[in-house]
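Listed below are the residues making up each chain.
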Amino acid sequence: MHYSPQVALLQCIVSVFLTTFFLHHTWHYDRFATLNFFQAGRAGRSREAFKRVMVILYIIGSPAFAVQGGVYAWIKYEHGFLPLALSGMPVPYEFWPARHQRLILPLQYINAAAWTTELIVHLEELMFFLHLIELEPSSPPWFESTYFKIVCIGAVFSLLGTFGPVALYSNDPLKAEAVLYLIGSSFILLSNFLFFKVFWAFPGFLANLKLAGGNSEVVIRLKAFHELNKIRVAARFTFGVPLFILSVDGLTSKKLNHSLAWTDILLLTGLIGFCESRFS
């Protein structure tokens, strides 16, 4: 919460652009058919169920980040900065009027909801590609696989890991924010490192698919996904590393968090990574 109003405003603008892009893409892809909860037939619902959940997660996540960033930008611009003799940082939340302080906890829950969607999306992508590279004729389908069960269990832990700090440290917003970002960024970095197993095995998987007479169009699409995953993981490192640094600092020395320059540089870098990972 030590960051400048410009960072909060950029978070809002980027999230609005991402929401617009995703809605535009979904409309042109299937006219929001994925969100049709009244499709006939149990089998059809089963095939679309997980895709529907992922679409909902994206629709919830970016607007939630936009709301949090927009409200914080409005509050921070209204209260301005401390004099340079007193650090030149944005006015601390302790000096905000009561009506603005009351907004902090709801905004942190909105932030937690946004982070929950982000972590579940990362986990689903990782588990799906791990399932794919280990696929054999005798393998169970995705919905019956161990990896899908891991996604379901991970979703529960994501909820606990994001909403838990906000509830536990509701009287200390700075600590709640630091713990939330530490959990979120650590998860992002861990999933990124695990993705290297996919990168290592995927060329062999594609070669075996070709030898088995796999459809050439499917092979080309999978190769494109492989390249996109490399870009996405690089972007997520750009997203996760700055937040990890700031969260660790916020729970220890607070040297970086008390420097407006370092706080803004790291958060702006993370926003660039976040935006690139969503667009790729």
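Our subject is the structure that appears above.
Model, not experiment: these values are computed from the prediction. (Residues numbered from 1 in each chain as written. Predicted model: local features only at pLDDT ≥ 70, side-chain atom pairs only at ≥ 80, totals over all residues. Heavy atoms only, no water.)

Visitor: Just checking my understanding: could you explain helix α4 (residues 104-133) for this structure?
Guide: Residues lying three or four places apart along an α-helix face the same way, a consequence of the helix completing one turn every 3.6 residues. For α4, built from 30 residues, the straight-helix expectation of 44 Å at 1.5 Å per residue is met to within 8% by its first-to-last C-alpha distance of 44 Å. Among the 30 residues that make up α4, 24 are buried, leaving the element largely enclosed by the rest of the structure. (Helix = DSSP H or I, 4+ residues; strand = E, 2+ residues; numbered from the N terminus. Expected span 1.5 Å × (residues − 1). Buried < 20%, exposed > 50% of the residue type's maximum accessible area, 1.4 Å probe, protein only.)

Visitor: I'm lost on the layout of surface pockets in this one. Help?
Guide: Leftover empty space is mapped by rolling, across the atoms, a probe with the size of a water molecule. One number sums up the size of the largest pocket: a volume of about 1,700 Å³. In this structure, the largest pocket is lined by 41 residues; those nearest its centre are K51, E124, E125, F128 and F225. L174, E177, A178, G250 and N257 are the residues nearest the centre of the second largest pocket, which is lined by 18 residues in total. Secondary structure elements with two or more residues in the lining of the second largest pocket: α6 (173-211), α7 (216-251) and α8 (260-279). In terms of residue count, the dominant contributor to the lining of the second largest pocket is α6 (five residues). Each residue belonging to the lining of the second largest pocket can be placed in one class, and the counts come to eight nonpolar, six polar and four charged. (1 Å grid on protein atoms, 1.4 Å probe; cavity = no way out; pocket = protein on both sides within 12 Å on 5 of 7 lines; lining within 4 Å. Points joined across faces, edges and corners; volume = space filled by probe spheres on them. Nonpolar A, V, L, I, M, F, W, Y, C, P; charged D, E, K, R; others polar.)

Visitor: Can you walk me through empty space enclosed by the protein in this structure?
Guide: Taken as a whole and judged by the stated rule, the model has one cavity of 30 Å³ or more. Considering only enclosed or pocket space, the largest cavity measures out at about 230 Å³ in volume. Lining the largest cavity we find 15 residues, and of these Q11, Y181, F239, L243 and L271 sit closest to its centre. Of all the secondary structure elements, the ones that give two or more residues to the lining of the largest cavity are α1 (5-30), α2 (42-79), α4, α7 and α8. Top element by residues in the lining of the largest cavity is α8. It accounts for four residues. Classifying every residue of the lining of the largest cavity gives ten nonpolar, five polar and no charged.

Visitor: I'm lost on the nonpolar core in this one. Help?
Guide: Generally speaking, a soluble globular protein has its nonpolar side chains buried in company with each other. One finds Y72, W96 and W115 to be the most contacted residues of the largest nonpolar core, which totals 29 residues. Sorting the residues of this core by element identifies α1, α2, α4, α6, α7 and α8 as the ones contributing at least two each. Among the nonpolar cores identified, the runner-up in size contains 22 residues, and L123, M127, L130 and I133 belong to it. (Core = buried A, V, L, I, M, F, W, Y, C linked by side-chain atoms within 4.5 Å.)

Visitor: What am I meant to see in the packing of α1 against α8 here?
Guide: Each pair of packed helices can be described by the angle between their axes along with the distance between the axes. Interaxial distance between α1 and α8 falls to 11 Å at its minimum, and their mutual angle equals 0°. Put simply, α1 runs roughly parallel to α8. Across the interface between the two elements, V7, L10, Q11, V14, S15, L18 and F21 from α1 touch D264, L267, L268, L271, F274, C275, R278 and F279 from α8. Per-class residue counts for the contact of α1 with α8 are eleven nonpolar, two polar and two charged. (Axes fitted to C-alpha atoms, helices over the stretch in contact; angles between N-to-C directions. Parallel < 35°, antiparallel > 145°, perpendicular 65-115°, else oblique. Contact = heavy atoms within 4.5 Å.)

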